[in-house]
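The residues making up each chain are set out below.
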Amino acid sequence: MTSEIELIPAPRHFTQGASGRDALDEATLLETGPGTEGVARWLRSTVGAATGLPLREGRDHDNRIVLSIEADLPPEGYRIVIDGSARRIQGGSAAGVFWGAQTFRQLLGPDAFRRAPVRAGQEWAVPMGTIEDAPRFRWRGFMLDVARHFMPKEGVLRHLDLMAAHKLNVFHFHLTDDQGWRVEIKRYPKLTEAGSWRARTKFGHRASPLWEEKPHGGFYTQDDIREIVAYAAERHITVVPEIDVPGHSQAAITAYPELGNTDVIDTTSLSVWDTWGISANVLAPTDTTLRFYEGVFEELLELFPSDFIHVGGDECLKDQWRQSPTAQARIKELGLADEDELQAWFIGHFDKWLTARGRRLIGWDEILEGGLADGAAVSSWRGYAGGVAAARAGHDVVMCPEQYVYLDHRQAAGEDEPVPIGYVRTLEDVYRFEPVPPELTPDEARHVLGTQANVWTEVMEDPARVDYQTFPRLSAFAEVAWSSLPAPADRDYADFERRMAVHYRRLDALGVGYRPPAGPLPWQQRPGVLGRPIEGAPPNR
Ligand code: ACM
């Protein structure tokens, strides 16, 4: 069993070896097998820095760590063998070796997560034994909303490190929304000049009477994006960008008023939205809009090599389309039944456009309404139903139901919880989340690529609040995404908590401001602005 070695996420198999531990020292060498150079770089820069050990390249004696790719292992699987001879970290690919290296760092103890040694003469040892491990899902995602509150680049890179430490491998980068546009697009400079700053911000829930009366904003330059994508790739993480269309687009319309429904409202009077909820100001279904966004996606494809490109598609209010003669004429001309089909046509356009360029479209489950585009995959967020319908229709699915894995939702009831979203999703709720609902047949279930935890940041105005909401629940989520857990009711939550006791010390060493098991610390609380659990309240968007 895995429990003796307190790993998170839990590995498939751990076989205890001889008693005692195997200690590394100044003479320990690192043998970098073909294709594992990136893992060696990562080990030296993290474990090397934390331990102060040089980990020189070499194979002269058994006191060494050997990194190698082995064909008998599954692509992301790995094997660690500690038997008193050379220590082996083997993977089915460089990714597998990397996940093995992550486990190896956990075996060395919490101080291996620091950036420099903290004790002279500290012993750095790993337990004797063999670990064999492989992930359950190939999409182990984490979504960060940098539109509602901007996360400076350093914070994004740090989250990529935290993902890697939890063997998560897809970073869904929610880059645009009503409240801000966060990625430089060279041909449309106003998207960031005008669209990345708002004058003030609603403080707390959208019904709160308070405002933060100061500008908020920021964006990533294309060089920042290239750096983020490369940093992620070195950690075997794919960055999937999201440009949310046709709803959630008020910031873009503010920058380029011709993108909006100009026959319904004076879009030149709009500003980047300063409150929460769903803006009625959506894109106009015109050729102008389609050409404009083709231009956006052209630059995006240059920046992001991911197979999937996320186009949002959620919560597009259709009121303006109902009132717009232009939108109604388009419905008629295309022979569509209603506004839902108009949205399906809009999304379908980008499905064909992306497919023609060798990419795949993914969108939120609203893209099922009005008919799902041929090649589209679905992020199922309003529960399982959208994902089930999509999988049954032969479409790929990422399960991220808000009932379990929306980490903006509060972690406990009570006055102390700082974030005023009514729903309670505890650490245990997340641990007992099952990404594949039982109603899917095995054939249908093959379309569940995996699962994703989502962090929406309306009520997280700085990185410390993001830490608080994200951890420790992302640690439980990582185990759901990676480990081969039994059915929810049979999961050993007490064992998870026991391993978390050690994992909290790793998070401490990494400087993560998680929610402590006993509840928030004073600095993590915030004056309650409608901060109590709100019975039956809608999500705070
Ligand atoms: C969403 O939460 N609107 C995808």
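Residues numbered from 1 in each chain as written. Predicted model: local features only at pLDDT ≥ 70, side-chain atom pairs only at ≥ 80, totals over all residues. Heavy atoms only, no water.

Participant: Can you help me understand the overall build of the protein in this one?
Facilitator: Across its full length, the protein carries 17 helices and 21 strands. What you see for the protein is a C-alpha radius of gyration of 24 Å, in line with the 24 Å of a compact globule of 541 residues. Put simply, the protein has 541 residues, and 63% of those count as buried. Within the protein, residue pairs in contact and separated by at least 24 positions form 73% of the contacts whose partners lie at least 6 positions apart. For the protein, the exposed surface amounts to about 19,700 Å²; the carbon and sulfur share of it is 51%. Separation between the mean location of the 58 positive side-chain charges and that of the 79 negative ones in the protein comes to 3 Å. (Helix = DSSP H or I, 4+ residues; strand = E, 2+ residues; numbered from the N terminus. Rg over C-alpha atoms; globule rule 2.2 N^0.38 Å. Buried < 20%, exposed > 50% of the residue type's maximum accessible area, 1.4 Å probe, protein only. Contact = heavy atoms within 4.5 Å. Areas by Shrake-Rupley, 256 points an atom, 1.4 Å probe, with all protein chains shown as cover. Lys, Arg positive; Asp, Glu negative; His and termini not counted. Charge placed at Lys NZ, Arg CZ, Asp CG, Glu CD.)

Participant: Help me out: how do you make sense of the packing of helix α9 (residues 325-334) against helix α10 (residues 339-356) in this one?
Facilitator: Packed helix pairs are characterised by how far apart their axes lie and by the angle those axes make with each other. Relative orientation of the contacting elements α9 and α10 amounts to 80°, with a least axis distance of 10 Å. The pairing of α9 with α10 is recorded here as roughly perpendicular in orientation. On α10, the residues that touch A327, Q328, R330, I331 and L334 of α9 are E339, L342 and W345. (Axes fitted to C-alpha atoms, helices over the stretch in contact; angles between N-to-C directions. Parallel < 35°, antiparallel > 145°, perpendicular 65-115°, else oblique.)

Participant: I'm lost on the packing of helix α7 (residues 287-303) against α10 in this one. Help?
Facilitator: Packing of α7 against α10 brings their axes to within 11 Å, and their N-to-C directions diverge by 40°. Judged on the interaxial angle alone, α10 and α7 are oblique. Crossing of α7 against α10: the hand is right-handed. Only W345, F346, H349, F350, W353 and L354 of α10 make contact with α7, whose side of the interface consists of T289, L290, R291, Y293, E294, F297, E298 and L301. Broken down by class, the residue content of the contact of α7 with α10 amounts to nine nonpolar, two polar and three charged. (Left-handed = near helix turned anticlockwise from the far one by under 90°. Nonpolar A, V, L, I, M, F, W, Y, C, P; charged D, E, K, R; others polar.)

Participant: Looking at this model, I keep getting lost on the nonpolar core. Mind explaining?
Facilitator: Side chains of a nonpolar character, in soluble globular proteins, are inclined to be buried together. By size, the foremost hydrophobic cluster in this structure holds 131 residues, and its most contacted members are F171, F173, L191, Y220 and Y293. When sequence neighbours within four positions are dropped, the list of residues in contact with Y293 reads W181, I243, V245, S249, A252, L259, L283 and F350. Core analysis: the next-biggest nonpolar cluster, separate from the first, contains eight residues, W139, A377, V398 and L449 among them. (Core = buried A, V, L, I, M, F, W, Y, C linked by side-chain atoms within 4.5 Å.)

Participant: Would you explain the sheet that holds strand β20 (residues 397-399) in this entry?
Facilitator: As a general point, the strands of a sheet are linked pairwise by backbone hydrogen bonds and lie either parallel or antiparallel. Taking strand neighbours around the barrel as the criterion, the eight strands line up as β8-β9-β16-β17-β18-β19-β20-β21 in a closed arrangement whose pairing is parallel. For this sheet, the mean inter-axis angle between neighbouring strands, taken without regard to orientation, is 30°. Bridge count between β20 and strand β21 (residues 448-455): three bridges; the pairing is parallel. Along β21, the bridge assignment pairs V397 with V448. Contacting β16 (238-245) and β17 (308-312), α7 runs over the sheet at an angle of about 170° to β16. Contacts from α10 reach β16, β17 and β18 (360-364), with the element oriented near 150° to β18. (Pairing = 2+ DSSP bridges.)

Participant: Quick question: what am I supposed to make of the side chain of R87 here?
Facilitator: When you line up the elements, R87 lands in strand β6 (residues 87-91). Here R87 falls in the buried class, since its relative accessible area comes to 3%. Among the polar contacts listed, one links the side chain of R87 to the backbone oxygen of A23, at a separation of 3.2 Å. In this structure the side chain of R87 is engaged in a polar contact, spanning 3.1 Å, whose partner is the side chain of N63. Once you skip the residues sitting within four places of it in the chain, R87 turns out to touch D22, A23, L24, T28, D62, N63, R64, I65, V66, V81 and I82. (Polar contact = N/O pair within 3.5 Å; in protein donor to acceptor, adjacent residues only side chain to side chain.)

Participant: How do you make sense of the pattern of salt bridges when you look at a structure like this?
Facilitator: In a structure, side chains of opposite charge can pair up when their charged atoms sit close to one another. Inspection of every chain in the model, using the stated rule, returns 42 salt bridges. The partner of D161 in a salt bridge is R235, and the shortest N-O contact between them spans 2.7 Å. Of this pair, D161 sits in helix α3 (residues 153-165) while R235 sits in the loop between α5 (222-234) and β16, placing them 74 residues apart in sequence. By relative accessible area, which is 27% here, D161 ends up partly exposed. Here R330 makes a salt bridge to E333, at a shortest N to O gap of 3.4 Å. Here E333 and R330 lie together in helix α9, a separation of three residues that amounts to about one turn. On the basis of relative accessibility, which here comes to 13%, the residue R330 falls in the buried class. One network of salt bridges, with partners in common, ties together E6, E479, D495, R498 and R499. (Salt bridge = Lys/Arg side-chain N within 4 Å of Asp/Glu carboxyl O.)

Participant: What am I meant to see in unusual backbone geometry here?
Facilitator: Negative phi characterises most residues that are not glycine, and trans characterises most peptide bonds. Cis geometry is adopted by the peptide bond preceding P9, which originates at I8 and carries an omega value of 0°. Of note, P9 is situated in the segment before β1 (13-24). For the peptide bond that leads from V245 to P246, omega is -10°, which places it in the cis range. Within the secondary structure, P246 sits in the loop between β16 and α6 (250-255). A positive phi angle, close to 45°, is found at E315, a residue other than glycine. Note on placement: E315 falls in the loop between β17 and α8 (319-323). The class for E315 is buried, based on a relative accessible area of 15%.

Keep in mind these values describe shape, not function.
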